[in-house]
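Understanding the architecture of this molecule
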Amino acid sequence: MSGAAVPGPDGRPRCPWGLSTDDYIAYHDTEWGRPVHGDDALFERLCLEAFQSGLSWITILRRREGFRKAFANFEIAAVADFTDADAERLLADPGIIRNRAKIAATLANAKVLNGWADGALDELIWSYAPASGAGAGPAPRALSDVPAVTDESTALAKELKKRGLRFVGPTTAYALMQACGLVDDHLADCFVRGTL
């Protein structure tokens, strides 16, 4: 079956995308699909997923430390205080993706989120987890079984946009849900699926 779990260098079966580089192996095995909580942590993931739009995830993953340095570790209150001069600094920073629209969206989103109560972003995002939890429904057997968008991600994106956030379409919202453990899209035979 095309796209089924594949044995890695240690013999353990993994999702095929998680085997292409050492960076992906580490990310797949220790982060992707594991629950993430906390407003700043979720803000970081939301921003990185937005920056990934149109690019490969490995490009973002390899620059994550640069993003963290450039965006004050994604502390919402700190990023909300960024000025036009900070935006220009970011556009010149080779450690990140220098996309004007994505940088502007990140700064605008921080300003919006800074007005929310503590825990509100976490509560909102997690309220869109499928009703029966991360293990809901049958486990995907192949990559072709993994959706790019779901009803929940469409609803989450719509709600985030309604509340003033930018660069949060249904595909970005679903990638966030996958990365942060709201859904478990590790393949049925992937060794990680049994450890979540």
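So, how was this worked out
- Per chain, residues are indexed from 1 in the order of the written sequence.
- Predicted model: local features are reported for residues with pLDDT of at least 70 only, side-chain atom pairs are reported and counted for 80 or more only, and whole-chain, interface and lining totals are derived from all residues.
- Only hydrogens and water are set aside; all other atoms, that is, all heavy atoms of the structure, feed into the side-chain values.
- Each helix is a run of H or I in the DSSP string that is no shorter than four residues. Each strand is a run of E no shorter than two, and both are numbered from the N terminus.
- The definition of a polar contact used here is a pair of N or O atoms within 3.5 Å, where within protein one atom must be able to donate a hydrogen and the other to accept one, and adjacent residues in sequence count solely through side-chain atom pairs.
- We call two residues in contact whenever any of their non-hydrogen atoms come within 4.5 Å of each other.
- Put simply, buried Ala, Val, Leu, Ile, Met, Phe, Trp, Tyr and Cys residues joined by side-chain atoms within 4.5 Å make one nonpolar core.
- Each residue is placed in one exposure class: buried if its accessible area under a 1.4 Å probe, protein chains only, is under 20% of its type's maximum, exposed if it is over 50%, and partly exposed if it falls in between.
- Of the grid points, spaced at 1 Å and generated over the protein atoms alone, those admitting a 1.4 Å probe that cannot get out make up cavities, while open sets with protein on both sides within 12 Å along at least five of seven lines make up pockets; any residue with an atom within 4 Å of a point is treated as lining.
- Grid points are joined across faces, edges and corners, and a volume is the space filled by probe spheres set on the points.
- Gly is put with the polar residues, along with every residue not named as nonpolar or charged; the nonpolar set is Ala, Val, Leu, Ile, Met, Phe, Trp, Tyr, Cys and Pro, and the charged set is Asp, Glu, Lys and Arg.
- Only centres within 6.5 Å qualify two rings of Phe, Tyr or Trp (six-membered ring in Trp) as a pair; their planes then separate them into stacked at under 30 degrees, edge-to-face at over 60, and tilted for everything else.
- Counted as over-ring charges are cases with an Arg CZ or a Lys NZ within 6 Å of the ring centre that also lie within 35 degrees of the ring normal.
- UniProt positions are given in the numbering used here, feature names are shortened, and annotations may be inferred rather than shown by experiment.

The next subject is the side chain of N109. Within the secondary structure layout, N109 lies in helix α7 (residues 100–114). Side-chain polar atoms of N109 contact the backbone nitrogen of R166, separated by 2.8 Å. Beyond its immediate stretch of four places on either side in the chain, N109 contacts F43, G164, L165 and R166.

Glancing now at the nonpolar core. In terms of nonpolar packing, the biggest core is built from 49 residues, with F43, F67, F71, L90, L107 and L121 touching the most fellow members. With six residues, helix α2 (residues 39–52) is the largest single contributor of residues to this core. Residues in contact with L121, not counting those within four places in the same chain, are D39, L42, F43, L113, W116 and L160.

Attention now goes to the layout of surface pockets. As a volume, the largest pocket reaches approximately 500 Å³. Forming the walls of the largest pocket are 19 residues, and the residues nearest its centre are W32, E49, W57, A175 and Q178. Along the lines of polarity and charge, the residues of the lining of the largest pocket split into 12 nonpolar, five polar and two charged.

The next thing to look at is the packing of aromatic side chains. All chains considered together, the criterion is met by 10 aromatic pairs. Residues F43 and F74 carry aromatic rings whose centres are separated by 6.0 Å and whose planes lie at 70 degrees to one another, so their mutual orientation is edge-to-face. Taken as a pair, F43 in helix α2 and F74 in the loop between α4 (64–70) and α5 (76–80) lie far apart in primary sequence, 31 residues in all. In this pair, the class of F43 matches that of F74, namely buried. Site record: aromatic cluster; members linked through ring pairs are F43, F51, F67, F71, F74 and F82. The ring of W116 carries the charged tip of R163 above its face, separated from the ring centre by 5.5 Å.

Listed under "binding site: Zn(2+)" (unreviewed entry) in the UniProt record, and renumbered for this structure, are C15, H28, H186 and C190. Over a stretch of 176 residues, the named residues converge on one spot in the fold, their C-alpha atoms separated by at most 10.2 Å. The topology assignment puts H28 in helix α1 (residues 22–30). Look at H28 and you get buried, because its relative accessible area is 0%. Apart from residues lying up to four places away in sequence, H28 is in contact with R14, C15, W17, G18, H186, C190 and V192. Assignment of secondary structure puts H186 in the segment after α10 (170–179). Of the residues examined, H186 reaches a relative accessible area of 0% and is grouped as buried. Only 2.8 Å separates the side chain of H186 from the backbone oxygen of W32, close enough to count as a polar contact.

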